[in-house]
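# Close look at the chain arrangement
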Amino acid sequence: MSEQVATIASSLPAWAFLVPFAAGAFVFLGRRLGPKLSQGLAVAAPLAVTVLGLEMARVVISGRVLTGWGNELRVDGLSALLVLAIGIVGTLTAVYSLRYVQQPGLLTRVGAAAEKRLPTFYGLFLWFIATMVWGCVTNNIVMLYVAVEATTLTSGLLVAFYWDKRALEAGYKYLMLLTIGITFALFGCVLTYAAAVATKGLTGGQALLISEVRGVAHLIPPGTALVAVAFLVVGFGTKAGIAPFHPWLPDAHAEAPTPISVLLSGVMIKMAAYALARTVSIFYPRWPTLAVFVVALGVFTMVLGIVMALVQDDLKRLLAYSSVSQIGYVVVGVGLGTYLGCYGGLFHLLNHALIKALLFMCVGALIYATGARRISELSGMREKMPITSACFVLGALAIAGLPPLNGFLSKLTVYLALAKAGMWWAVAIAIAAGLLTMVVMLRAARTVFWGHAPATAVAVREVPATMWVPMVVLAVACVVLGVFPRLPFPLLDRAATVLATLGR
Amino acid sequence: MNTAGLNGELIQTLSMVVVITSVVAVEVRRLRFAAMAYSAQALLIVGLLASFSAVNPSLYWWAAVALVTKAVLTPWFLFRFIGRGEDRELPPLIGFGPSVVVAALLMIGFYRFTHGHVAVLAPTALAQEGVFRTNLAVASTVFVLGLYCVLTRRDATKTVIGLCLLENGVHLSLVSLAPELPETALFGVATEVVVTVFLLLYVIAGVRKEFGTTDTFALRELQR
């Protein structure tokens, strides 16, 4: 792991979060100009992030690292991967939301002035994306905390947007638990900074930069490192939905309006996992035994999430618990610290972002068309909503890890990495959790889509094109990444190399 | 850094009073008084930061930012919120007697810890100095008291005050741990807390309207 990489100063990292931020500000300021403007900007800004992300990916694949504002912003393979994922999922979600938010009763209560609240919704939506991107491009350990907490603040009101009892309860828990959690992360970040300054290898300003701290991590006393890692794991782990810090997640992901659920489950928890990996990996080379601890935490998360998903009747809660379980795979892979583990974990991060976005969109489509979201209230939707049905089943198979879909390959890579590290117990548990995932997802799909449609569902029709096109795009992506796994290899390879501190 | 210019006794006294204000903010049942205790603590923290600035001028920034965010804006939000509702806190899970014992044990524990093994918590040479050890002991106590408040209080307003204490604890520790933190980072950290408090109170106002109470035990809609 050499830190001697070619860096080039660039304004791309700054633009990647300034564009959605400015677009959000514009939406707030121009709220009188009508919903068309806010919706247009909501699609255009994430699209710009995607384009910038592609350009960043192109540069980092060629072996260079982008820096901005001195060394305050820094984009390597890992950051580029995350920015790209946020851009793609953000764009598709924005397109999907165009019609979704206009259905009465989906964004606000029936009768409430939904039109008037649209600019607020999209303004926060854009700021949410901006803060996530900011967190992924910053190189400053304290600003990383600030950005992660900022994602909580921008999304807090979005979670409670419906403003009924359920949404308010979810919003309160979300803001409260995540802020407490993230305060632990602040302490961990500050401790890391203080320890880096104390090694005398760095000046005050340099010790804030994650890329610099890595170089002196081996000089940090073990006791301090342990305390810092514990605080970072609790802090960023809460945000990432790692068990046992996950109780906020199912409430928030289920009660938020569906486009926000897509972002929360699709990319936000990944961004937190990124923050965790970025900071904890600083300590890996010196204390490789941390890997066992992190893997154990990941395996626990994986099992707990899917067991809780088994008993859910509410489709959105089911998907939320499944997200807990899947983030476990990411944590296990990346937590191993080996190249293969990191590759598998990051590949799964990308795959899960696509699959979970797809599944949440499908459930949103069901809610749009029928108004119901409980498994027990739905049946026979296969004939009424063929596209949604096909997309959901494909997503269910992909998340269950069935070949030739993308989830299969990333999970397999994680299993192989675990086996290579000699952690057979973890392989066994991970495979068992995978089988349970298949049971959970296919059982839900069978009840909802097969059987006879109830008489009340006569008027149910497939959702409009602006909603199903993003779903189909994601479904196709799941197949393509499964059949051509070499496609994302150059970027994933760079990203995995950044984190693979325990060798290949 | 030369710490000779520090008024050790003043800092010790202020630190002790900070702990007392925390206990009062957690324990007093009238929400308005709790908010007052919090405001007093915020002013004390500003005073503490200003006294540490004698040896580290960049802490003046910290003191100024804390004055605006902790001593002006946060209390303003709190009083505005409480003013509209029931002033009496709902009975907490753990009563007054045991709470005071917990607070005392925490303080003694952290004081002994920072004077014995401070290197674990703060590996800097600065933290080896007596006043900074006291600062860390106080910061840790306030942090854990805040956590205790959030975990054991039923009233949502009280949990917000607990959260403020939690944040104050971490921010106080910055004096010893990260005295040279750049202004942008300080500004980001401090602003975040004010916005969090504002948003939380905004959502809790919604909760109060919909549920008719700020009792967190009443929030059971999502458990079916």
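The rules we used
Residues numbered from 1 in each chain as written. Chains lettered and ligands numbered in written order. Predicted model: local features only at pLDDT ≥ 70, side-chain atom pairs only at ≥ 80, totals over all residues. Helix = DSSP H or I, 4+ residues; strand = E, 2+ residues; numbered from the N terminus. Rg over C-alpha atoms; globule rule 2.2 N^0.38 Å. Buried ≥ 20, exposed ≤ 12 C-beta atoms within 10 Å, placed from the backbone. Contact = placed C-beta atoms within 7 Å. Nonpolar A, V, L, I, M, F, W, Y, C, P; charged D, E, K, R; others polar. Domains from an automatic or database assignment. Axes fitted to C-alpha atoms, helices over the stretch in contact; angles between N-to-C directions. Parallel < 35°, antiparallel > 145°, perpendicular 65-115°, else oblique. Left-handed = near helix turned anticlockwise from the far one by under 90°. Pairing = 2+ DSSP bridges. Core = buried A, V, L, I, M, F, W, Y, C linked by C-beta atoms within 7 Å. pLDDT = per-residue confidence, 0-100. Expected span 1.5 Å × (residues − 1).

## Side note on the overall build of chain A
On a plain count of helices and strands, chain A comes out with 19 helices and 3 strands. A compact globule built from 504 residues would reach a C-alpha radius of gyration of about 23 Å, and chain A, at 21 Å, matches this within 12%. If you line up chain A on its principal axes, its C-alpha atoms span 75 × 55 × 40 Å. Within chain A, the proportion of its 504 residues that are buried is 65%.

## A word on the overall build of chain B
Within chain B one finds 8 helices and 0 strands. Rg of the C-alpha trace for chain B: 18 Å, near the compact-globule value of 17 Å for 224 residues, within the 12% margin. Overall, the C-alpha framework of chain B stretches about 55 × 35 × 30 Å when taken along its three principal axes. The contacts of chain B with a sequence gap of at least 6 include a subset with a gap of at least 24, amounting to 74%.

## A few points about the interface of chain B and chain A
At the junction of the two partners, chain B supplies 36 residues and chain A supplies 41 residues. For the side of chain B that touches chain A, the elements supplying multiple residues, two or more each, are α5 (118–121), α7 (156–177) and α8 (183–211) of chain B. Considering every element that reaches the side of chain B that touches chain A, the biggest residue donor is α8 of chain B, with 14 residues. When grouped by side-chain class, the residues that make up the side of chain B that touches chain A number 26 nonpolar, 5 polar and 5 charged.

## Brief notes about the domain arrangement of chain A
All names here are of chain A. Examined at the domain level, chain A breaks down into domain 1 (1–139), domain 2 (140–286) and domain 3 (288–504). Here the C-alpha centroids of domain 2 and domain 3 sit 23 Å apart. Elements represented by at least two residues in the side of domain 2 that touches domain 3 include exactly α8 (222–240), α9 (248–255) and α10 (258–280). Tallying contributions element by element places α10 first for the side of domain 2 that touches domain 3, with 10 residues. Classifying every residue of the side of domain 2 that touches domain 3 by side-chain character gives 15 nonpolar, 8 polar and 1 charged.

## Description of the packing of helix α13 (residues 339–370) of chain A against helix α18 (residues 465–483) of chain A
Residue and element names in this part refer to chain A. At a minimum axis distance of 9 Å, the contact between α13 and α18 shows a crossing angle of 150°. On the basis of their axis angle, the class for α13 and α18 is roughly antiparallel. For the pair α13 and α18, the crossing hand works out as left-handed. Of the residues in α18, those in contact with Asn351, Leu354, Ile355, Ala357, Leu358, Met361, Cys362, Ala365 and Tyr368 of α13 are Met467, Pro470, Met471, Leu474, Ala475, Ala477, Cys478 and Leu481.

## Some details on the sheet that holds strand β1 (residues 6–9) of chain A
Residue and element names in this part refer to chain A. If you walk across this open sheet you meet the 3 strands as β1-β2-β3, and the pairing is mixed. The sheet terminates laterally at β1 and β3 (73–75), the two strands that pair on one side only. Strand-to-strand twist in this sheet, taken as the mean axis angle between neighbours without regard to direction, amounts to 30°. Two strands pair when backbone bridges link them, and β1 and strand β2 (residues 64–68) are joined in this way by 4 bridges, in the parallel orientation.

## Regarding the nonpolar core
Residues and elements named next belong to chain A. Among the nonpolar cores identified, the biggest contains 291 residues, and Val133 and Leu358 are the most heavily contacted of them. If one sorts the elements of this core by residue count, helix α6 (residues 165–198) sits on top with 24 residues. If near-sequence neighbours (up to four positions away) are discounted, leucine 358 is found in contact with Cys391, Gly395, Met471, Leu474, Ala475 and Cys478.

## Observations concerning the confidence of the model for chain B
Residue-level pLDDT values for chain B average 84, and 91% of them are 70 or greater. Taken together, the chains of this predicted complex give a pTM of 0.95 and an interface ipTM of 0.92.

## Looking at the packing of α13 of chain A against helix α15 (residues 386–400) of chain A
All names here are of chain A. Following both chains from N to C, one finds α13 and α15 inclined at 145°, their axes separated by 9 Å at the closest point. Like other packed secondary-structure pairs, α13 and α15 cross with a definite hand, here left-handed. For the pair formed by α13 and α15, the contact residues are Ile355, Leu358, Leu359, Cys362, Ala365 and Leu366 on the first element and Thr388, Cys391, Phe392, Gly395, Ala398 and Ile399 on the second. Residue composition of the contact of α13 with α15, grouped by class: 10 nonpolar, 2 polar and no charged.

## A word on the pairing of β2 of chain A
All names here are of chain A. By the criterion of burial, β2 is predominantly enclosed, with 4 of the 5 residues buried. Across 3 bridges, the pairing between β2 and β3 is antiparallel. Opposite leucine 66, over in β3, you have valine 75 as the bridge partner. Hairpin connection from β2 to β3: 4 residues lie between these consecutive antiparallel strands, with tryptophan 69 at a positive phi of about 50°.

## Here's the deal with the environment of serine 173 of chain B
The residue serine 173 of chain B is located in helix α7 in this model. Separated by 30 residues in the primary sequence, serine 173 of chain B and phenylalanine 143 of chain B have C-alpha atoms spaced 9.5 Å apart.

## Observations regarding helix α6 (residues 130–152) of chain B
Between its first and last C-alpha atoms α6 of chain B spans 33 Å; for 23 residues at 1.5 Å apiece the expected length is 33 Å, and the two agree. The element α6 of chain B is largely enclosed, with a buried count of 19 among its 23 residues.

## Description of the environment of glutamate 377 of chain A
All names here are of chain A. Following the sequence through the fold, glutamate 377 ends up in the loop between α13 and α14 (381–384). Among the residues examined, glutamate 377 registers 17 C-beta atoms within 10 Å and is labelled partly exposed. C-alpha separation for the pair glutamate 377 and phenylalanine 489, spaced 112 residues apart in sequence, amounts to 42 Å.

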